[in-house]
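What the coordinates show
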Amino acid sequence: MCSGSQPPKSDGRNLKSMSAKYYTQFVLTDTQYRDGNEFSGVVELSQPMDHNTDTRDIEAALARNFDLHRSSVKLLSWSRLH
């Protein structure tokens, strides 16, 4: 194969963060979701949340996924999958 199709060799010092998966349950309080507003399932983030992450930060991340304001999401439970 030609060298242009090969990824550059790494010396191991530039490791990228791995994604993190969480099981979550949350409610959307926006009127658009009035009939089916409770969700549960696995959420995958490109980088893990810090152990000290505030609930509001998690709600904000979920809200961005639905193009909503953070106040439109109420987190019920959140736990990291290993």
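Below is a summary of the structure that appears in this document. (Residues numbered from 1 in each chain as written. Predicted model: local features only at pLDDT ≥ 70, side-chain atom pairs only at ≥ 80, totals over all residues. Heavy atoms only, no water.)

1. Some thoughts on the pattern of salt bridges
Keep this limit in mind: A carboxyl oxygen of Asp or Glu within 4 Å of a side-chain nitrogen of Lys or Arg is what we treat as a salt bridge. Exposure classes here rest on a 1.4 Å probe applied to the protein chains alone. A residue is buried below 20% of its type maximum, exposed above 50%, and partly exposed in between. Helix numbering and strand numbering both begin at the N terminus, where a helix is a DSSP run of H or I of at least 4 residues and a strand a DSSP run of E of at least 2.
A full pass over the atoms with the stated rule returns two salt bridges. Notably, a salt bridge pairs Arg 56 with Asp 54, separated by 3.0 Å at the nearest N-O pair. By relative accessible area, Asp 54 is classed as partly exposed at 33%. A salt bridge links Arg 70 to Glu 59, with the shortest nitrogen-to-oxygen separation between them at 2.7 Å. Of this pair, Arg 70 sits in the loop between helix H1 (55–65) and strand E3 (73–80) while Glu 59 is found in helix H1, placing the two residues 11 residues apart along the sequence.

2. Some points on the packing of aromatic side chains
Put simply, the rule is: Classification of ring pairs uses Phe, Tyr and Trp, with its six-membered ring standing for Trp, and accepts pairs whose centres are within 6.5 Å; under 30 degrees between planes counts as stacked, over 60 as edge-to-face, and the remaining range as tilted.
For the coordinates displayed, the defined rule picks out four aromatic pairs. Their ring planes at 65° and their centres at 5.9 Å tell us that Phe 26 and Phe 66 sit as a pair that is edge-to-face. Of this pair, Phe 26 sits in strand E1 (residues 20–28) while Phe 66 sits in the loop between H1 and E3, and the two are 40 residues apart along the sequence. Owing to a relative accessible area of 5%, Phe 26 belongs among the buried residues under this scheme. An aromatic cluster of three or more residues is present, and its members are Phe 26, Phe 39 and Phe 66.

3. With respect to a nonpolar patch on the surface
Condition: Each patch is built from residues that are more than 30% exposed by relative accessible area and take part in no salt bridge. Like charges join if they lie within 9 Å; nonpolar side chains (Val, Leu, Ile, Met, Phe, Trp, Tyr) join within 5 Å. Residue-level accessible areas treat just the shown protein chains as cover; the underlying method is Shrake-Rupley with a 1.4 Å probe.
On the surface, a nonpolar cluster with roughly 250 Å² of combined accessible area is contributed by Tyr 23, Val 42 and Leu 81. With respect to the element layout, Leu 81 can be found in the segment after E3. Accessibility expressed as a relative area gives 37% for Leu 81, which makes it partly exposed.

4. Re the nonpolar core
The line we're drawing: Within this scheme, the nonpolar core is defined by two criteria: the residues are buried Ala, Val, Leu, Ile, Met, Phe, Trp, Tyr or Cys, and they are joined through side-chain atoms within 4.5 Å. We call two residues in contact when some of their heavy atoms are within 4.5 Å.
Among the nonpolar cores identified, the biggest contains 12 residues, and these are Ala 20, Tyr 22, Phe 26, Leu 28, Val 43, Leu 45, Ile 58, Leu 62, Ala 63, Leu 68, Val 73 and Leu 75. Contributions of two or more residues to this core are made by E1, strand E2 (38–45), H1 and E3. The dominant element in this core, judged by the number of residues it contributes, is E1, at four residues. Apart from the residues within four sequence positions on either side, Ala 63 is in contact with Leu 68, His 69, Arg 70 and Val 73.

5. Section: the sheet that holds E2
Sheet strands line up and pair through hydrogen bonds in the backbone, either parallel or antiparallel. Defined as follows: At least two bridges found by DSSP between two strands is the condition for calling them paired. Axis definition: a line fit to C-alpha positions, over the contact stretch in the case of helices; interaxial angles, taken between N-to-C directions, run 0 to 180 degrees.
If you walk across this open sheet you meet the three strands as E2-E1-E3, and the pairing is antiparallel. The two strands at the open ends of the sheet, each matched to only one other strand, are E2 and E3. Looking at each pair of strands side by side, their axes are set apart by 25° on average, direction ignored. In the sheet, E1 pairs with E2 via eight bridges, with the strands oriented antiparallel. Each bridged residue has a counterpart across the sheet, and for Ala 20 the counterpart in E2 is Leu 45. The strands touched by H1 are E1, E2 and E3; relative to E3, the strand with the most contacts, the crossing angle is about 105°.

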